[in-house]
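# Fold and contact review
If you want the building blocks of each chain, they are given just below.
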Amino acid sequence: DVAAMDSVEVLPGLGIRPVVSDRTMVNFVSFAPHTEAPMHVHEEEQIAIVVEGDLEVDVNGDVRTLHGGQLAIIAAWVPHGMRTHEMACREMDIFSPPRRVLLQRLQAASARVT
């Protein structure tokens, strides 16, 4: 049950509930209003699917506002960033393979709790 999972704040206003298998990571993501995931790159492929709300997505300079049910496919090493404006947003990020940096953050957070 995703709703019962603890959310891990990876940036102020941006929380994830990760589900990880050997080859795939799915993050159930919550963006508070006026929250930004700044431009970055990573080696993993990513599909971002907006579930609810609006999300401005910049993929290598192609800026679009996605609404519920819309998605962005982001190839490895392509610069991208996301932000919300007035409203919150829920989205899903699918990474293949699992995003290494997020796995390291989750392990570090787990070590602090135990």
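The text that follows walks through the structure, step by step, so that each part is easy to find. (Residues numbered from 1 in each chain as written. Predicted model: local features only at pLDDT ≥ 70, side-chain atom pairs only at ≥ 80, totals over all residues. Heavy atoms only, no water.)

## A word on the overall build of the protein
The line we're drawing: Elements are defined by DSSP. Helices are runs of H or I of four residues or more, strands are runs of E of two residues or more, and each kind is numbered from the N terminus. Here the globule rule is a power law, 2.2 Å times the number of residues to the power 0.38, and the radius of gyration is based on C-alpha atoms. Each residue gets one of three labels from its accessible area relative to the maximum for its type: buried under 20%, exposed over 50%, partly exposed in between, using a 1.4 Å probe on protein chains only. Contact between two residues is taken to exist if any of their heavy atoms lie within 4.5 Å; hydrogens are not considered. Computed by Shrake-Rupley with a 1.4 Å probe, the accessible areas treat only the displayed protein chains as cover when residues are assessed.
When helices and strands are tallied, the protein shows 1 helix and 9 strands. Secondary structure elements of the protein occur, N-terminal to C-terminal, as β-β-β-β-β-β-β-β-β-α. Against the globule reference of 13 Å for 114 residues, the protein gives a C-alpha radius of gyration of 13 Å, in line with a compact fold. Buried residues in the protein amount to 34% of all 114 residues. In the protein, once contacts between residues fewer than 6 apart in sequence are set aside, the share between residues at least 24 apart is 64%. About 6700 Å² of surface is accessible on the protein, with carbon and sulfur atoms providing 55% of the total.

## Topic: the nonpolar core
Test applied: In this text, buried Ala, Val, Leu, Ile, Met, Phe, Trp, Tyr and Cys residues form a nonpolar core when linked through side-chain atoms within 4.5 Å.
Leu14, Ile16, Phe31, Leu55, Val57, Met82 and Leu102 are the most contacted members of the largest nonpolar core, which has 20 residues in total. Elements supplying a minimum of two residues to this core: strand S2 (14-20), strand S3 (25-31), strand S5 (45-59), strand S7 (71-74), strand S9 (89-96) and helix H1 (100-113). Looking at this core element by element, the count peaks at 5 residues for S5. Ignoring anything within four residues of it in the chain, the contact list for Leu55 reads Phe31, Val50, Arg64, Thr65, Leu66, Met82, Arg83, Thr84, Cys89 and Glu91.

## A closer look at the pattern of salt bridges
For clarity, the threshold we go by: The working definition used for a salt bridge is a side-chain nitrogen of Lys or Arg within 4 Å of a carboxyl oxygen of Asp or Glu.
Taken as a whole and assessed by the stated rule, the structure comprises 5 salt bridges. Across the pair Glu43 and Arg100 runs a salt bridge whose closest N-O atoms are separated by 2.0 Å. Separated by 57 residues along the polypeptide, Glu43 in the loop between strand S4 (36-40) and S5 and Arg100 in helix H1 bring together distant segments of the chain. Overall, Glu43 belongs to the partly exposed group, its relative accessible area being 36%. Between Asp62 and Arg64 there is a salt bridge, with its nearest N and O atoms 3.0 Å apart. Residue Asp62 is classed as partly exposed on the basis of its relative accessible area of 37%. Through salt bridges with shared partners, one network takes in Glu36, Glu56 and Arg83.

## A short note on the layout of surface pockets
Convention followed: Only protein atoms enter the 1 Å grid used here, on which a cavity is any set of points holding a 1.4 Å probe that cannot leave and a pocket is any open set flanked by protein within 12 Å on both sides along at least five of seven lines; residues with an atom within 4 Å of a point are listed as lining. Grid points are joined across faces, edges and corners, and a volume is the space filled by probe spheres set on the points. The residue classification treats Ala, Val, Leu, Ile, Met, Phe, Trp, Tyr, Cys and Pro as nonpolar and Asp, Glu, Lys and Arg as charged. All others, Gly included, are polar.
Counted as a void, the largest pocket has a volume near 320 Å³. In terms of lining, the largest pocket is formed by 23 residues, of which the most central are Leu11, Leu14, Ala37, His40 and Arg99. Going through the elements one at a time, strand S1 (8-11), S2, S3, S4, strand S8 (80-83), S9 and H1 are the ones with two or more residues in the lining of the largest pocket. When residues in the lining of the largest pocket are grouped by element, the largest group, 4 residues, is from S4. In terms of residue class, the lining of the largest pocket is built from 14 nonpolar, 5 polar and 4 charged.

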